[in-house]
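# Observations on the model geometry
Given next are the chains, with one letter for each unit.
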Amino acid sequence: MQPAITSKLPTAGITIFTEMSVLANEHKAINLGQGFPDFLMDDQLVALVNEAMQQGHNQYVHMNGLKVLRERIAEKISTLYTNNVRPDTEITITPGGTYAIYTALTAILQPGDEVIVFEPAYDCYIPTIEMNGAIPVLVPLVYPNYSIDWDLVKQKITTRTKLIMLNTPHNPTGALLSTNDIIALQNIVKNTGIFILCDEVYEHLIFDGKKHESMLRYPDLYERSFVCFSFGKVYHCTGWKMGYCVAPTALMKEFRKIHQFNCFSCNSPVQYALAEYLKQKDKYLQLGTFLQQKRDYLLQLMKQTKFKPLPSYGSYFQLYSYKSISHESEKDFAVRLTKEYGVATIPASAFYKNGQDNKVLRFCFAKKESTLEEAVNRLMKL
Ligand code: GLN
């Protein structure tokens, strides 16, 4: 007889990104759902990986990540955020941002701990908290700007609050933390034992001249933070699954205890290539302008449809309201759009535990202009 499994995640299904991508493939729909670029990444970075492999860089590197890569990341952090993090003790290379988030939460959470999570929340946050026996304490972002109600946050803090989860630029809304948010956060965590996990994977994808309010900029916030990043988002290679976590030495020490028994060490040739490529600052500094053009191109095209945009200041994504088109639930409408109109998107309700439904869909604009044009041609029929 096969032994029975007691599920660690009894209510989890398949992620909405996988579900919508499978549906898009089945129906040959244009996939503006799952967040990945459909244009080619830079040949030069591909060539650097090739070179590293041919030079024989194909064995394990140090479990914390290739030293020279961590040094280049530290240089970048020092220039951008005036924080001199130590590459030997404060940076670890990870197989992607999601893994960095999982590892940080697993390193820090004990059963019964409470974690403040803002909704809509990226899909891995709540399951990872729950897998660790901790309790997500949900705080809704204020629709339609998805700003943070800090008074509400204060009310939700208890003696068991272990960590606050943040995400800027925010997925799925494209909202950013502002300087006022930082001040409110500083006041809340001051003289407490509360940790912060900040998902900053869209760090460079920021529009309209706005500033990235990284936890790395503020010593009083950084001293309690795990900050998670993604090379996939920065260099248009989401399938490489490469990222990193930055945290003060004592926090990183615990992070590495978990990491060494899970992934242990990441893909070597890719790390050699990234270390070399990171020397070219313009490659990441120009990203905001590049993606802003895409956001604006889709905005322009969408004027021909009945969809109404909500503001997006960063990330790959923009939410659009379909209130004037249909009363269907976000999920039903997203499925019907994929099947009948050939355009896949992501229902924002998938980012809420209670499935809150504001009649908005998330569109990924990190696509070729021709892809965006074809998608909008199809949406105009609605
Ligand atoms: N981060 C991507 C998104 O938001 C999806 C990654 C995944 O499929 N897990 O679309």
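Note that the structure is a prediction, hence the values are computed from the model and not measured.

## Structural notes on the site of the ligand
The environment of the ligand is made up of Phe-17, Gln-34, Gly-35, Tyr-122, Asn-171, Tyr-202, Phe-317 and Arg-362. At a separation of 2.7 Å, an oxygen atom of the ligand approaches a polar side-chain atom of Gln-34. Tyr-122 is positioned with one of its side-chain polar atoms (N or O) 3.1 Å from a nitrogen atom of the ligand. Starting from 300 Å² of accessible surface for the ligand in isolation, the protein chains cover 78%. Along the lines of polarity and charge, the residues of the shell around the ligand split into four nonpolar, three polar and one charged.

## Quick look at the packing of aromatic side chains
For the coordinates displayed, the defined rule picks out 20 aromatic pairs. Judged by centre distance (4.9 Å) and plane angle (20°), the ring pair of Phe-229 and Tyr-244 falls under stacked. Of the two residues, Phe-229 sits in strand β7 (residues 225–230) while Tyr-244 sits in strand β8 (residues 243–246), which places them 15 residues apart along the sequence. When sorted by exposure, Phe-229 lands in the same class as Tyr-244, which is buried. Seen from the ring of Tyr-313, Lys-210 lies directly overhead, with NZ or CZ sitting 4.7 Å from the centre.

What counts and what doesn't
Residues numbered from 1 in each chain as written. Predicted model: local features only at pLDDT ≥ 70, side-chain atom pairs only at ≥ 80, totals over all residues. Heavy atoms only, no water. Near = heavy atom within 4 Å. Polar contact = N/O pair within 3.5 Å; in protein donor to acceptor, adjacent residues only side chain to side chain. Areas by Shrake-Rupley, 256 points an atom, 1.4 Å probe, with all protein chains shown as cover. Nonpolar A, V, L, I, M, F, W, Y, C, P; charged D, E, K, R; others polar. Phe/Tyr/Trp six-rings, centres within 6.5 Å; stacked < 30°, edge-to-face > 60°. Helix = DSSP H or I, 4+ residues; strand = E, 2+ residues; numbered from the N terminus. Buried < 20%, exposed > 50% of the residue type's maximum accessible area, 1.4 Å probe, protein only. Lys NZ or Arg CZ within 6 Å of the ring centre and 35° of its normal.

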